[in-house]
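Listed below are the residues making up each chain.
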Amino acid sequence: NAGVTQTPKFRILKIGQSMTLQCTQDMNHNYMYWYRQDPGMGLKLIYYSVGAGITDKGEVPNGYNVSRSTTEDFPLRLLSAAPSQTSVYFCASSYSWTGAYEQYFGPGTRLMVT
Amino acid sequence: GESVGLHLPTLSVQEGDNSIINCAYSNSASDYFIWYKQESGKGPQFIIDIRSNMDKRQGQRVTVLLNKTVKHLSLQIAATQPGDSAVYFCAESSNRDDKIIFGKGTRLHILP
């Protein structure tokens, strides 16, 4: 199993541009998550999904959108890039709710908005 | 609001000594706690977890202690090795919640 994969690894965006961060998992996990990690800080939850067709907002959803059309994929879309969205973005997945099952993280996407 | 925090942002430990990383939480409803290790340039990796009905749980070279009275969590690493250099995060979740909340992190630096 490849686990959780993310693309791209690194991207530079201009203010106002949009882009989609891709996340795929091959572990047949129901739950998937998107976090952002600012320098020297912990992870903050952007959006999560408990199954295909279901998504929910996390702590910091503004400026982002998600969809979950399949179990495997959970893309994160930046609608109009802002400098405040410069961060490292991590996708994660788990079999079920986080009180019972371990989360597996992808390697991250480093995004810079200039 | 509810939060998970850490006492020290950086911890330097001599190689071979034991490391203790501390974490305070404020949500009394949290009943599941996790420690993650994040190496430079990588995503967080699960180390060990503990539920609120336990005070202590041991893994390979790691022990997590939970003190619910003072809402305190600690991670003990025995015989610290250079490969233990990383940022360590505590995280919390409440019963059957769909998500966890991460603390800020502590950087563990191993001295030769």
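Along each chain, residue indices are assigned from 1 in the same order as the chain's sequence is written. Each chain gets a letter, beginning with A, and each ligand a number, beginning with 1, in the order they are written. Where totals are concerned, whole chains, interfaces and linings use all residues; where local detail is concerned, this predicted model gives features only for residues with pLDDT of at least 70, and gives and counts side-chain atom pairs only at 80 or more. Just so you know, side-chain values use all the structure's heavy atoms and leave hydrogens and water out.

Engineer: Hey, could you go over the overall build of chain A for me, with residue numbers and the actual values?
Structural biologist: Numbering of helices and strands runs from the N terminus; a helix is a DSSP stretch of H or I covering at least four residues, while a strand is a stretch of E covering at least two. Check the secondary structure of chain A and you find 0 helices and 11 strands. For chain A, the sequential pattern of α-helices and β-strands runs β-β-β-β-β-β-β-β-β-β-β. Our radius of gyration looks at C-alpha atoms and nothing else; its globule reference is 2.2 Å times the residue count to the power 0.38. Relative to the globule expectation of 13 Å for 114 residues, the C-alpha radius of gyration of chain A, 13 Å, shows essentially globular dimensions. His residues and chain termini do not enter the charge count, which takes Lys and Arg as positive and Asp and Glu as negative. Charge placement uses NZ in Lys and CZ in Arg. For Asp and Glu, CG and CD serve respectively. In chain A, 9 side chains carry a positive charge and 7 a negative one; their mean positions are 13 Å apart.

Engineer: Lay out the interface of chain B and chain A with the relevant residues and their values.
Structural biologist: With 20 residues of chain B in contact, the opposing surface of chain A contributes 21 residues. Simply put, the buried area is the total loss of 1.4 Å probe accessible area from both parts when two parts are fitted together. For the pairing of chain B and chain A, the buried interface totals around 1,700 Å² over both sides, and the portion due to carbon and sulfur atoms is 55%. Here, a salt bridge means any Lys or Arg side-chain nitrogen found within 4 Å of an Asp or Glu carboxyl oxygen. Here chain B and chain A share 0 salt bridges between them. Whenever a nitrogen or oxygen atom comes within 3.5 Å of another N or O atom, the pair is scored as a polar contact, on the condition that within protein one atom can donate a hydrogen and the other can accept it, and that pairs from neighbouring residues in sequence are kept only if both atoms are in side chains. Here chain B and chain A share 2 residue pairs in polar contact (both at pLDDT 80 or more) between them. Sorting elements by how many residues they give to the side of chain B that touches chain A places strand β4 (residues 30-38) of chain B first, with 3 residues. For the side of chain B that touches chain A, a count of residues per class yields 7 nonpolar, 6 polar and 7 charged. Throughout, a residue-residue contact means that at least one pair of heavy atoms, one from each residue, lies within 4.5 Å. Polarity classes work like this: nonpolar for Ala, Val, Leu, Ile, Met, Phe, Trp, Tyr, Cys and Pro, charged for Asp, Glu, Lys and Arg, and polar for all others, with Gly in that last group.

Engineer: Run through the confidence of the model for chain B, naming residues and quoting values.
Structural biologist: Per-chain confidence: chain B averages 88 in pLDDT, with 89% of residues scoring 70 or above. A residue's pLDDT is the predictor's confidence in that residue, given on a scale from 0 to 100. Within the model, pLDDT remains below 50 along residues 1-8 of chain B, and this stretch shows 33 contacts once partners closer than five positions in the same chain are excluded.

Engineer: Which residues make up the pairing of strand β2 (residues 10-14) of chain B, and what are the values?
Structural biologist: Residues and elements named next belong to chain B. Three exposure classes are used, based on accessible area relative to the maximum for each residue type with a 1.4 Å probe and protein chains only: buried under 20%, partly exposed in between, and exposed over 50%. Every second residue of β2 is oriented toward a common face, the buried set being Leu-11 and Val-13 and the non-buried set Thr-10, Ser-12 and Gln-14. What makes two strands pair is DSSP finding at least two bridges between them. As paired elements, β2 and strand β11 (residues 106-111) share 5 bridges and run parallel to each other. When the bridges of β11 are listed, Gln-14 appears paired with Leu-111.

Engineer: Lay out the sheet that holds strand β7 (residues 64-66) of chain A in plain terms, naming residues and giving numbers.
Structural biologist: Residues and elements named next belong to chain A. Spatial ordering of the open sheet is given by β1-β3-β8-β7, a layout of 4 strands whose pairing is antiparallel. With partners counted over all chains shown, the strands left at the sheet margins are β1 (4-7) and β7, one partner each. Between one strand axis and the next, the sheet turns by 20 degrees as a mean value, whatever way the strands run. With 3 bridges connecting them, strand β3 (residues 19-25) and strand β8 (residues 76-78) associate as antiparallel partners. Among the inter-strand pairings, Met-19 is bridged to a residue of β8, identified as Leu-78. Only the contacting stretch of a helix is used when fitting its axis, a line to C-alpha atoms as for every element, and angles between N-to-C directions run 0 to 180 degrees.

Engineer: A description of a nonpolar patch on the surface should follow, citing residues and the corresponding values.
Structural biologist: On the surface, Phe-10, Ile-12 and Met-112 of chain A cluster together to form a nonpolar patch covering roughly 280 Å² of accessible area. Mapped onto the fold, Met-112 of chain A is located in strand β11 (residues 109-113). Any residue with relative accessible area above 30% and no salt bridge may belong to a patch, with like charges joined within 9 Å and the nonpolar Val, Leu, Ile, Met, Phe, Trp and Tyr side chains within 5 Å. Using a 1.4 Å probe, accessible areas were evaluated by the Shrake-Rupley method; residue-level cover was limited to the displayed protein chains.

Engineer: Which residues make up unusual backbone geometry, and what values go with them?
Structural biologist: For the bond running from Thr-7 of chain A to Pro-8 of chain A, omega is -5 degrees, close enough to zero to count as cis. Within the fold, Pro-8 of chain A resides in the loop between β1 and β2 (10-13). Positive phi values are uncommon outside glycine, yet Lys-71 of chain B reaches one of about 55 degrees. Within the secondary structure, Lys-71 of chain B sits in the loop between β7 (62-67) and β8 (72-77). Take Lys-71 of chain B: its relative accessible area is 27%, and that puts it in the partly exposed class.

Engineer: Lay out the state of the cysteines in plain terms, naming residues and giving numbers.
Structural biologist: Put plainly, a disulfide is one covalent bond tying together the sulfur atoms of two cysteines. Residues and elements named next belong to chain A. Only a pair of cysteine sulfur atoms within 2.5 Å qualifies as a disulfide here. Scanning all chains against the criterion turns up 2 disulfides over all chains. The side chain of Cys-23 participates in a disulfide bridge whose partner is Cys-91; the two sulfur atoms lie 1.8 Å from each other. Sign of the S-S torsion, about -70 degrees for the bond between Cys-23 and Cys-91, identifies this disulfide as left-handed. Remark: Cys-91 occurs in strand β9 (residues 87-94) and Cys-23 occurs in strand β3; sequence separation between them is 68 residues. For the pair Cys-23 and Cys-91, one class covers both residues: buried.

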